[in-house]
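# Observations on the three-dimensional arrangement
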Amino acid sequence: MKNKNLPSGTRDEFGTEAEVKETIQNKLFKTFRQRGFRKLTTPVLEYSDVFQPLSAENYRPYQLLDEQGEPLVLRPDLTLPVARVMSTTGIELPVKWYYGGDVFRVKKQLSGSYNQLTQAGIEIVGYKGLKADWECLEVALAGCQDMAIKNVTIELSHAKFVDTLIEQLALPEPTKESLKQALFDKDLSKYNQLSEPFERTPYSRFISEWPWLFGDFDKVMAVAATLPEIKPLQPIIANLKATAAFIHQLFPKANVTLDLSIPSPQSYYTGMAFRGFTDKSAGYLFSGGRYDDLLTNFQNVKTSAVGVAFDVDALVERTNFPDDTPTALIFFNADQWAQAEATLAEVPNSTLCLTDNFEAAQQLAASTNSRLIDLTKAGEKNGTN
Ligand SMILES: N[C@@H](Cc1c[nH]c[nH+]1)C(=O)O
């Protein structure tokens, strides 16, 4: 074998880290099941068409060809496969799914981030109302609580806010698009120039602060309240406010922020979106949102859906690794296997010692700082135990 290196952005996981990851996944799966979600497993390989709704710059997939030359990808997302399943199987709505698995996203070389990420999430399909969005938030925030992750900040946003507001502005279409781009890019000189016509209009306060409209929920909402009455914005604002109130009521310790100046975290979101962070790092713990149009990409029926996925690797990073390596080694002769099994079952944190002789067992016990349980009495016989 010539190349023993791993492909860039991938890693091996072993020992405590891999075990903690498994424990976290199992804990999440158990919660999902207890809440009535059903498991859905999809393949790691899919036709690239499935992921067409993803924005290409954020999600560059690994590409392959099948035997007929059809382009395949390693899945860069787990929500789109759920939409594919829903549109091809005729499963009755409503449904609540849960899943876990790896997604693959080609990141820039040397960006320091991994190209293979483990997610565990839920998708609720067939419910229009806020209750389904809130069930996602409940699962996400309760999940963080179960992992003892403190200081969780939940950032709310809405996929339609920017477009709805820009739509109202008396500007030519191409200027609207450029204003939106300048806002998202935080290109202030361009933004200021394009937004000049709104000085001394009822929009002026909001438009002048728009690129900075993120942070404390109430403060951002106070600036939004300076806008003139815009009918299509009202349900968006009402949903955001009701959701912030819901979070305060159920998770009083969580910090709620609002961002009215970002592009939607996923290009397929159509409604409220939410991401969870802790103050320790920039990466998110969970990310989710409503996507009522996604299934129309696969079939001509509009279906309401909302979901959230945990970044399991981010949860592992924030968990204190317990040191629970086996502390007792059971040394036995091959014909004592049944007795060794009984001891294994009885002694907590024990493991079978598979060395051929007692000396090797002693060495292993010393190097792993383990207590040696000698079923052969070899130690007694030669006086070393
Ligand atoms: N698939 C989204 C998370 C999500 C699940 N459901 C809805 N959104 C992501 O990877 O960011």
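The following paragraphs examine the structure supplied in this document. What you see is a predicted model; the values in this text were computed from it and never measured.

## Comments concerning the side chain of Thr376
- Relative to the elements of secondary structure, Thr376 occurs in the loop between strand 15 (371-374) and helix 13 (378-381).
- Within polar-contact distance, the side chain of Thr376 engages the backbone nitrogen of Ala378 at 3.0 Å.
- If we ignore the near neighbours within four places in the chain, the residues touching Thr376 are Phe331, Phe332, Asn333, Gln336 and Lys381.

## Observations concerning the pairing of strand 12 (residues 305-311)
- Across the seven residues of strand 12, seven count as buried, placing the element largely inside the fold.
- Alternating positions in strand 12 separate into two faces, Ala305, Gly307, Ala309 and Asp311 on one and Val306, Val308 and Phe310 on the other, with burial throughout.
- In this sheet, strand 12 lies alongside strand 6 (residues 116-125) in antiparallel orientation, the contact comprising seven bridges. Note on strand 12: the bridge partner recorded for Ile124 is Val306.
- In terms of strand pairing, strand 11 (residues 286-290) meets strand 12 through five bridges, oriented antiparallel. Residue Phe286 lies in a different strand from strand 12, and its bridge partner there is Phe310.

## Side note on the sheet that holds strand 8 (residues 214-216)
- Pairing is mixed across the open sheet formed by nine strands, whose spatial order is 1-5-6-12-11-10-7-9-8. The sheet is open, and its two borders are formed by strand 1 (38-39) and strand 8, each paired with just one other strand.
- Those strands touched by helix 2 (residues 79-89) are strand 5 (95-104) and strand 6, and its axis lies near 135° from that of strand 5.
- Sheet strands in contact with helix 3 (residues 130-146) are strand 6, strand 7 (152-158), strand 10 (272-278), strand 11 and strand 12, and its direction is about 10° off that of strand 12.

## Quick look at the packing of aromatic side chains
- Within the structure shown, the criterion is met by 13 aromatic pairs.
- Geometrically, the ring pair formed by Phe32 and Tyr98 is tilted, given 5.7 Å between the ring centres and 50° between the ring planes. With Phe32 in helix 1 (residues 15-34) and Tyr98 in strand 5, the pair connects residues that are 66 residues apart, well separated along the chain.
- Residue classification places Phe32 among the buried positions, given a relative accessible area of 1%.
- We classify Tyr98 as buried; its relative accessible area is 5%.
- Through successive ring pairs, a cluster of aromatic residues spans Phe29, Phe32 and Tyr98.

Conventions and cut-offs
Residues numbered from 1 in each chain as written. Predicted model: local features only at pLDDT ≥ 70, side-chain atom pairs only at ≥ 80, totals over all residues. Heavy atoms only, no water. Helix = DSSP H or I, 4+ residues; strand = E, 2+ residues; numbered from the N terminus. Polar contact = N/O pair within 3.5 Å; in protein donor to acceptor, adjacent residues only side chain to side chain. Contact = heavy atoms within 4.5 Å. Buried < 20%, exposed > 50% of the residue type's maximum accessible area, 1.4 Å probe, protein only. Pairing = 2+ DSSP bridges. Axes fitted to C-alpha atoms, helices over the stretch in contact; angles between N-to-C directions. Phe/Tyr/Trp six-rings, centres within 6.5 Å; stacked < 30°, edge-to-face > 60°.

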